[in-house]
Amino acid sequence: MTTFAPVQEAQDFLTNNPDIELIELFILDANGVPRGKLLHREELLALYQSGRPLPSTMLGLSIQGEDVEDSGLVWEVGDIDCRAYPLPGSLVRLPWRQMPTAAVQVSMHPTEGLPATPADPRQLLIRVIEQLEAEGYYPVMACELEFYLLDQKRDAEGRPQPALDADGGRPRQTQVYGLRELEQIEPFLRDLYAACKAQGIPARTAISEYAPGQVEITLEHGPVLAAMDQAVRYKRLVKGVAHRHGMQACFMAKPFDHLAGTGMHMHVSLADAQGNNLFASEDPAGTPLLREAVGGMLASLLDSLLLFCPNANSYRRFQANSYAPLAPTWGVDNRTVSLRVPGGPANTRHVEHRICGADANPYLAAAAILAGIHRGIRDHLDPGAPIEGNGYAQAKERLPTEWSAAIHALERSDWARDAFGADFLKVFLAVKRAEYRQFMGEVGEQDWRWYLSNA
């Protein structure tokens, strides 16, 4: 499934964009942080012709950008060059840059990128997709990403604050679903939608979310790999456009103790080879296949929680009556559970996975969701009866609210080792252990600043 872009794509882009001077080459690391290099125009064709060597350590960095020695990608391999190639359709202009600049996303080559290839989050997602497709299941997904629009200037106490509205005021009330709140950020939304259109990102509905300055914009569903590529580029685009407007787009899971957390809801279904929805049913709870998929996601939830909630701050989002999930529960058209089957016409039947924080890496989150679905189908897992009413009050089990518990669960999981591969887990767990040690040893549990700059 690994497909790289043809040289003609670069040639056409250079012809159609004669003013472009610089190109940002980037790859996404385990934390979802874009890492890469800034190329000059004349270097672009060589990238498409023969790839670009990147240091193996680039995919074994902590969120602070430091080498993680236990990853196996540092000293024992001599920080070897690993070759990456550009992805189709990823070469786009960056409208927020002052100099005429484009960006191109790359991924590690399956063989030429070794030993870093197993640590490439996109390559892990490809592996999981291929396992499902081999059995006739073609996954379809979409992202709903929430974020806060913050002022680039801190308040008098040095803490983050909502960005100014167009009328010069500062949002102080929640006003969920408020239309005036969207009107007040119209200049930002106008440029964001224009940039999404130019980059081929299907941005759709915008809503004012459950806190001052919090926004959600949905992306259209499609084949998983393409949908997650779009989510990755969309997140970068939101940050860039916000910066141009004097704002900071924050995807931190819980930037404010007293306000709503920020999630990434993942909508998923399975299709057959002809594109027919295998979850489609007049029954609001979907087909038996959907219920097996839910059973698998619930059974693997604890083992894969670290991929959904990768940081210490991720677990502060889990609070009762907050629309963030707290337990391995599912329901039909119920926003108090972790896995929700939305209402709607039979052909749209799917599952909304509500566990991920907005700080999750979309590739890793999607891989964990699909691996759980595969487990449920393979083992014919029964999710039990769907929750009706208040899922918070009926929860018999709770998700852990400590980062360390999620790290330990992934370390101990034989299922995860089989689903994700030992090579990937070695790097990912090394990174998370290193971050945990640094967080606990140097920062302390209450300091929000540690993750804000990278959220």
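Higher on the page you've got the structure.
About the cut-offs
- Here, residues in each chain are numbered from 1, in the same order as that chain's written sequence.
- Whole-chain, interface and lining totals are the exception, using all residues; otherwise, since this is a predicted model, local features are given only for residues with pLDDT of at least 70 and side-chain atom pairs are given and counted only at 80 or more.
- For the side-chain quantities, the full set of heavy atoms in the structure was used; hydrogens and water were omitted.
- With axes taken as lines fitted to C-alpha atoms, and helix axes fitted only over the stretch in contact, angles between N-to-C directions fall between 0 and 180 degrees.
- The helix and strand labels rest on DSSP assignments: H or I over at least four residues marks a helix, E over at least two residues marks a strand, and numbering proceeds from the N terminus.
- For classification purposes, angles smaller than 35 degrees are called roughly parallel, those larger than 145 roughly antiparallel, those between 65 and 115 roughly perpendicular, and all remaining angles oblique.
- Note on convention: the crossing is left-handed when the near helix lies turned anticlockwise from the far helix by less than a right angle, right-handed when the turn is clockwise.
- Contact between two residues is taken to exist if any of their heavy atoms lie within 4.5 Å; hydrogens are not considered.
- Under this grouping Gly is polar, as are all residues other than the nonpolar Ala, Val, Leu, Ile, Met, Phe, Trp, Tyr, Cys and Pro and the charged Asp, Glu, Lys and Arg.
- In this scheme, a residue with accessible area under 20% of its type's maximum is buried, one over 50% is exposed, and one in between is partly exposed, where area comes from a 1.4 Å probe on protein chains only.
- In this description, strands pair whenever DSSP reports at least two bridges between them.

Undergrad: How would you sum up the packing of helix H3 (residues 121-133) against helix H6 (residues 224-244)? Please name residues and give values.
TA: Two quantities define a packed helix pair, namely the angle between the helix axes and the distance between the axes. Where H3 meets H6, the axes come as close as 10 Å, and the angle between the chain directions of the two elements is 160°. If you check the angle between H3 and H6, you find them roughly antiparallel. Between H3 and H6 the crossing geometry is right-handed. Residues Arg-122, Leu-125, Ile-126 and Ile-129 of H3 form the contact with H6, whose own contacting residues are Val-224, Leu-225, Met-228 and Asp-229. Looking at the contact of H3 with H6 residue by residue, the classes come out as six nonpolar, no polar and two charged.

Undergrad: So what's going on with unusual backbone geometry? Which residues, and what values?
TA: Leaving glycine aside, a negative phi is the common case for residues, and trans is the common case for peptide bonds. Here the residue pair Leu-114 and Pro-115 is connected by a cis peptide bond, since its omega of 5° sits within 30 degrees of zero. Within the element layout of this structure, Pro-115 appears in the loop between strand S6 (101-108) and H3. The backbone phi angle of Asp-79 is positive, close to 45°, even though this residue is not glycine. Mapped onto the elements, Asp-79 comes out in the loop between strand S3 (52-55) and strand S4 (81-86). Since its relative accessible area comes to 34%, Asp-79 is described here as partly exposed. A positive phi angle, close to 50°, is found at Asp-333, a residue other than glycine. Looking at the secondary structure, you find Asp-333 in the loop between strand S13 (330-332) and strand S14 (339-341).

Undergrad: Can you lay out the pairing of strand S2 (residues 34-40) for me, pointing to particular residues and giving the numbers?
TA: Note: strand S1 (residues 22-28) against S2, seven bridges, orientation antiparallel. Residue pairing in the sheet places Leu-25 in a bridge with Lys-37 of S2. The antiparallel pairing of S1 with S2 creates a hairpin that spans five residues between the two strands, and Gly-32 there sits at a positive phi of about 80°.

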